[in-house]
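Each chain is listed here by its residues.
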Amino acid sequence: MSLYIGREASKLWKRIYAETTTEINLLAENWKYLLAGLIFQYIHGLAARGVHYIHRPGPTLQDVGYFLLPELGQDNAYISETVFSFIFLSFILWSFHPFIFKSKKIYTVLVWCRVLAFLVACQFLRIITFYSTQLPGPNYHCREGSKLATLPRPESVLEVLLINFPRGVIYGCGDLIFSSHMIFSLVFVRTYQKYGTHRFIKQCAWLIVVVQSLLIVASRKHYTVDVVVAWYTVNLVVFFIDHKLPEMPDRPGGLALLLPLSKDTRTKEEIHKLVNGNSGDPLAQRLRSPRSPVNGKILEDANSVHVDKMMNGV
């Protein structure tokens, strides 16, 4: 029994090492885009912090969702955040599953390149909308009489740049249209819908997002319009980026693009080298395997026939 456990542990470490080597090579090509996406997350937080300075509390606006859904109250407002945290952490763990499990349908670096591209586009539109018109915040700490509803003028630039994380994010006001929680949730679920393997989990994920939409309104974190606008805006943005830009070449001549593609755009000579094992490309081993992922897709057993057709110009 101990020999079997030791053998399986050895295989696991070998798998982790091989996957880490591949991801490091991809990270070396795409780190600029990952860094840019992460920097924009800070810019988005800075913009949300800035709109809090100009927020003016007022009467809560008339909202259909508020009439239909009972108010959770301050004591139960954490339920919405708990569901969101579950979605967030579950997606992160799934995106790193190739390091542990044998199923390797995705590359972690390439998936996060796509996810950050979706997030940046949606958050850019969100910044424009909530700065265009400031609505009185419906959240409990944003209502009239609350000390957190308005922020005093900053005493220094550093006070603004620090954005008081995470308190400044949790107790922000004014950044309403459209919901940031829905941006992350919809982007994560759509990404798993495309690259995930379990149909049941996909169905559950969509159900959880619908439940979260209702909880956001019931906890009075957003108006119903914030959630509704997020549903069609995020889906349209993801559709555009995912289906229009992928026609661009993937990584020709070592040049990495922001969006990893679903199609293999290598030249015939590169394909010939990969098939015959003469390439130093770190992804060559995966391409030669009977079921190996290329940019989040799986090449089926008819791999060789597809390659032969490409090399013969068919």
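Every value quoted in this text rests on a predicted model; they were computed, and no experiment measured them.

**Student:** What's the story with the packing of helix 3 (residues 78–95) against helix 4 (residues 108–132) in this structure? I'm lost.
**Tutor:** Any two packed helices are characterised by how steeply their axes cross, that is the angle between the axes, and by the distance between the axes. Put simply, helix 3 and helix 4 touch, their axes get as near as 10 Å, and they point 140° apart. Of the possible angle classes, the one that applies to helix 3 and helix 4 is oblique. Between helix 3 and helix 4, the contacting residues are Phe 91, Ile 92 and Ser 95 on the first element and Thr 108, Val 111, Trp 112 and Val 115 on the second. By residue class, the composition of the contact of helix 3 with helix 4 is five nonpolar, two polar and no charged.

**Student:** Looking at this structure, how should I read unusual backbone geometry?
**Tutor:** Of all residues except glycine, most have a negative phi; of all peptide bonds, most are trans. The peptide bond linking Ile 177 to Phe 178 adopts the cis configuration, its omega dihedral lying at 0°. On the secondary structure map, Phe 178 appears in the loop between helix 6 (167–170) and helix 7 (180–195). Phi is positive for Arg 220, close to 65°, though the residue is something other than glycine. Relative to the helices and strands, Arg 220 resides in the loop between helix 8 (199–218) and helix 9 (224–244).

**Student:** How should the packing of helix 8 against helix 9 be read in this particular structure?
**Tutor:** Across the interface, helix 8 lies against helix 9 with an axial gap of 8 Å and an inter-helix angle of 150°. With respect to each other, helix 8 and helix 9 are oriented roughly antiparallel. Between helix 8 and helix 9 lies a crossing of right-handed hand. Facing helix 8, whose interface residues are Trp 206, Val 209, Val 210, Ser 213, Ile 216 and Val 217, helix 9 presents Thr 224, Val 227, Trp 231 and Asn 235. A per-class count over the contact of helix 8 with helix 9 returns seven nonpolar, three polar and no charged.

**Student:** Explain the pattern of salt bridges here, please?
**Tutor:** Once the charged atoms of two side chains with opposite charge are near each other, the side chains can pair. Inspection of every chain in the model, using the stated rule, returns five salt bridges. A salt bridge links Glu 81 to Lys 221; the nearest nitrogen and oxygen atoms lie 3.8 Å apart. Of the two residues, Glu 81 sits in helix 3 while Lys 221 sits in the loop between helix 8 and helix 9, which places them 140 residues apart along the sequence. Among the residues examined, Lys 221 registers a relative accessible area of 16% and is labelled buried. Notably, a salt bridge pairs Asp 175 with Arg 126, separated by 3.2 Å at the nearest N-O pair. With Asp 175 in the loop between helix 6 and helix 7 and Arg 126 in helix 4, the pair connects residues that are 49 residues apart, well separated along the chain. Comparing Asp 175 with Arg 126 shows no difference in burial state: the two are buried. Taken together, the salt bridges that share partners define one network made up of Arg 114, Lys 194 and Asp 242.

**Student:** Help me understand the environment of Ile 79 in this model?
**Tutor:** Relative to the assigned elements, Ile 79 resides in helix 3. Among the residues examined, Ile 79 registers a relative accessible area of 29% and is labelled partly exposed. Taking the C-alpha atoms as reference points, Ile 79 and Ser 219, 140 residues apart in sequence, are found 8.3 Å from one another.

**Student:** I keep staring at the nonpolar core and nothing clicks. Help me out?
**Tutor:** If you look at the biggest cluster of nonpolar residues, it comprises 45 residues, and the most contacted ones within it are Val 115, Val 187, Phe 188 and Val 234. Only helix 1 (2–53), helix 3, helix 4, helix 7, helix 8 and helix 9 provide two or more residues apiece to this core. Here the element with the most residues in this core is helix 4; it accounts for ten residues. Apart from the residues lying within four places of it in its own chain, the contact partners of Val 115 are Phe 91, Val 187, Phe 188 and Thr 191.

Calculation rules
Numbering of residues starts from 1 in each chain and follows the order in which that chain's sequence is written. Two thresholds apply to this predicted model, a pLDDT of at least 70 for residue-level local features and 80 or more for giving and counting side-chain atom pairs, whereas whole-chain, interface and lining totals are computed over all residues. Each side-chain value is derived from all of the structure's non-hydrogen atoms; neither hydrogens nor water enter the calculation. Angles here are taken between N-to-C directions and fall from 0 to 180 degrees, while the axes themselves are lines fitted to C-alpha atoms, restricted in helices to the stretch in contact. For helices the rule is a DSSP run of H or I covering at least 4 residues; for strands it is a run of E covering at least 2, with both sets numbered from the N terminus onward. Should an angle fall under 35 degrees it is called roughly parallel, over 145 degrees roughly antiparallel, and 65 to 115 degrees roughly perpendicular, with every other angle called oblique. It only takes one pair of heavy atoms within 4.5 Å for two residues to be counted as in contact. Charged residues are taken to be Asp, Glu, Lys and Arg, nonpolar residues to be Ala, Val, Leu, Ile, Met, Phe, Trp, Tyr, Cys and Pro, and polar residues to be all remaining types, Gly included. Crossing chirality is assigned from the near helix's rotation relative to the far helix, an anticlockwise turn below a right angle marking it left-handed and a clockwise turn marking it right-handed. For this analysis, a salt bridge means a side-chain nitrogen from Lys or Arg found within 4 Å of a carboxyl oxygen belonging to Asp or Glu. The cut-offs for exposure are 20% and 50% of the maximum accessible area for each residue type, with area from a 1.4 Å probe on protein chains only; residues under the lower value are buried, those over the upper are exposed, and the others partly exposed. What we call a nonpolar core is a set of buried Ala, Val, Leu, Ile, Met, Phe, Trp, Tyr and Cys residues that are connected through their side-chain atoms within 4.5 Å.

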